[in-house]
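Here's the letter readout for the chains.
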Amino acid sequence: MTRAIGLVDPLLLLGADQQHIVTRAQLHGLGVPSGTIAHRLRPGGPWQQVLPRVICLQTGRLTSHQRLRAALAYATPKGRADGPAGDVLLTGTAVLADAGLPSAGHPADLTSVDVLIPGPRRVSDRGFVRIHRAAGAMPGGYERDDGLRSTTVARALADLAPRESGRRRFRALCAEAVQRRHCELGELLDQLMARPDALDLTGLAGVVEELAAGVRSVVEGEARDAVRGSGLPEPLWNPVLLLDGRFLAVPDAYWPQACVALEIDSRAWHLRPADHERSLTRANRLTVAGLPVVRTTPLQLRRDPAPVLRELAVLLAGGPHGPQARITWRRAR
């Protein structure tokens, strides 16, 4: 008992440095006997078992940071809670939520933590931890503001692909990552196309095709499905339009052969007054330049896209409109 009391200060220091998340191996390394660990983990005791080999030196609900640290400690070999750099990395929703992607949710609300480990390691899903295995060498990671190590956003999306590639949320996450400049389109496409283990290859191929076409939101993807189903020609999605070589606008969709634009007023991108003003300014600039603009909403497209498609068909048949010869464009990046 005297020996355990003498270890109070090292334990406090270790707990403060690691947010009170430690492993049994670390405790044994400090000389804490197994009996003392068991006693403190008893029902009503001052410690709690979080995951196999992982202990929290306090009771109560874990913070989001403690959950992340515990997941990394569980997946790290030799029972360390602060594994060697690059040995295990946060990936999946933990990375995407930290990046602020709306569809990933708030970091504090995550129900699971995704961790990437080297392929041969014998670790499986347990509790709130979802294990992902690197097919080859572990990718390079980076250190987050909270001191934990993560994959890139592009790699985090690719690691989610085998579990979520056919879901609407995955489609939204990919679009948000590119739209908000958290990764380059080429980097994301390379990562996604390197995942032959995706459970829904058709869904994954659809996501890749949409991104390559310039689609940058779920709403735009749904509009693209409606346009393709109607037999209308495929437009450019999110192209940069130039009038006499100067920037004009980036419409959601544009048919260069007829000089017709489509704008989708989505509340998801217009939560702030400034966002809505930018959308109106963009549409007004197109109208002033002489381009007809068809405006719609996500709800209209989902309930009954026929009126919008008919309006587009009439304008496309009657084109070209406006100063077509003065307009050039660049594809979305």
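In this text, all values refer to a predicted model and were calculated from it rather than measured experimentally. (Residues numbered from 1 in each chain as written. Predicted model: local features only at pLDDT ≥ 70, side-chain atom pairs only at ≥ 80, totals over all residues. Heavy atoms only, no water.)

Draft legend 1. Highlighting the packing of helix 8 (residues 168–179) against helix 11 (residues 218–230). Two elements in contact, helix 8 and helix 11, have axes whose closest approach is 8 Å; the angle formed by their N-to-C orientations is 110°. By the angle between their axes, helix 8 is roughly perpendicular relative to helix 11. Contact residues: R168, R171, A172 and A175 in helix 8; V218, G221, E222 and D225 in helix 11. A class-by-class count of the residues in the contact of helix 8 with helix 11 yields 3 nonpolar, 1 polar and 4 charged. (Axes fitted to C-alpha atoms, helices over the stretch in contact; angles between N-to-C directions. Helix = DSSP H or I, 4+ residues; strand = E, 2+ residues; numbered from the N terminus. Parallel < 35°, antiparallel > 145°, perpendicular 65-115°, else oblique. Contact = heavy atoms within 4.5 Å. Nonpolar A, V, L, I, M, F, W, Y, C, P; charged D, E, K, R; others polar.)

Draft legend 2. The arrangement of the nonpolar core in detail. Judged by nonpolar contacts, the single largest core of 51 residues is most densely connected at L96, V115, L157, F170, L188, L192 and L211. Core analysis: the second largest hydrophobic core is formed by 19 residues, V227, A253, A258 and V260 among them. (Core = buried A, V, L, I, M, F, W, Y, C linked by side-chain atoms within 4.5 Å. Buried < 20%, exposed > 50% of the residue type's maximum accessible area, 1.4 Å probe, protein only.)

Draft legend 3. Just the pattern of salt bridges, in detail. By the definition in use, this model includes 16 salt bridges. The residue R326 makes a salt bridge to D244 at a minimum N-O spacing of 2.6 Å. Taken together, the positions of R326 in the loop between helix 14 (306–317) and strand 15 (327–330) and D244 in the loop between strand 10 (240–243) and strand 11 (246–249) put the pair 82 residues apart, joining distant regions of the chain. Relative accessible area serves as the criterion here: at 42%, R326 is assigned to the partly exposed category. Three or more residues joined by partner-sharing salt bridges are found here, namely E209, R224, R228 and E234. (Salt bridge = Lys/Arg side-chain N within 4 Å of Asp/Glu carboxyl O.)

Draft legend 4. Quick look at the sheet that holds strand 12 (residues 253–255). Ordered by their spatial adjacency, 4 strands build an open sheet running 9-12-13-14, and the pairing between neighbours is mixed. The open sheet terminates on both sides in strands that have one partner only, identified here as strand 9 (236–237) and strand 14 (293–296). In terms of strand pairing, strand 12 meets strand 13 (residues 260–264) through 3 bridges, oriented antiparallel. Across the sheet, residue A253 finds its bridge partner in strand 13, namely L262. Relative to the sheet, helix 14 contacts strand 12, strand 13 and strand 14, its axis offset from that of strand 14 by approximately 175°. (Pairing = 2+ DSSP bridges.)

Draft legend 5. Region of interest: helix 8. Between the first and last C-alpha of helix 8 there are 16 Å, a value that for 12 residues agrees with the 16 Å anticipated at 1.5 Å per step. Buried residues dominate helix 8, accounting for 9 of its 12 residues. All of the buried residues along helix 8 are F170, R171, A172, L173, C174, A175, E176, A177 and V178. R181 lies just past helix 8 and shows a positive phi near 65°. (Expected span 1.5 Å × (residues − 1).)

Draft legend 6. Expanded view of the sheet that holds strand 15. Spatially, 11-10-15 is the arrangement adopted by the 3 strands of the open sheet, whose pairing is antiparallel. Each edge of the open sheet is held by one strand with a lone partner, namely strand 11 and strand 15. Taking each pair of neighbouring strands and ignoring which way they run, the sheet shows an average axis angle of 40°. In terms of strand pairing, strand 10 meets strand 15 through 4 bridges, oriented antiparallel. The residue of strand 15 that forms the bridge with L242 is T328.

Draft legend 7. Layout of the side chain of E220. Here E220 is to be found in helix 11. The residues touching E220, leaving out its near neighbours within four places in the chain, are G214, V215, W237, N238, D252 and I264.

Draft legend 8. Molecular detail of the packing of aromatic side chains. For the coordinates displayed, the defined rule picks out 0 aromatic pairs. The aromatic ring of F128 is capped on one face by R67, whose charged end is 4.4 Å from the ring centroid. (Phe/Tyr/Trp six-rings, centres within 6.5 Å; stacked < 30°, edge-to-face > 60°. Lys NZ or Arg CZ within 6 Å of the ring centre and 35° of its normal.)

Draft legend 9. Representation of the environment of A137 within the structure. One can find A137 in the loop between strand 6 (129–134) and strand 7 (142–143). Residue A137 is classed as exposed on the basis of its relative accessible area of 70%. Each C-alpha atom of the pair A137 and P118 lies 7.2 Å from the other, and the pair is 19 residues apart in sequence.

Draft legend 10. Representation of the packing of helix 7 (residues 153–164) against helix 8 within the structure. One can describe the packing of helix 7 onto helix 8 by two numbers: an axis separation of 10 Å at closest approach and a directional angle of 170°. Compared by their axis directions, helix 7 and helix 8 come out roughly antiparallel. The way helix 7 lies across helix 8 gives a crossing that is left-handed. Together, V153, L157, L160, A161 and E164 of helix 7 and R169, F170, L173, C174 and A177 of helix 8 make up the contact between the two elements. When its residues are assigned to classes, the contact of helix 7 with helix 8 shows 8 nonpolar, no polar and 2 charged. (Left-handed = near helix turned anticlockwise from the far one by under 90°.)

Draft legend 11. Quick look at the pairing of strand 5 (residues 113–118). Within strand 5, 6 of the 6 residues are buried, leaving the element largely enclosed by the surrounding structure. The pairing of strand 5 with strand 6 spans 6 bridges and is classified as parallel. Bridge pairing links V113 to V129 in strand 6.

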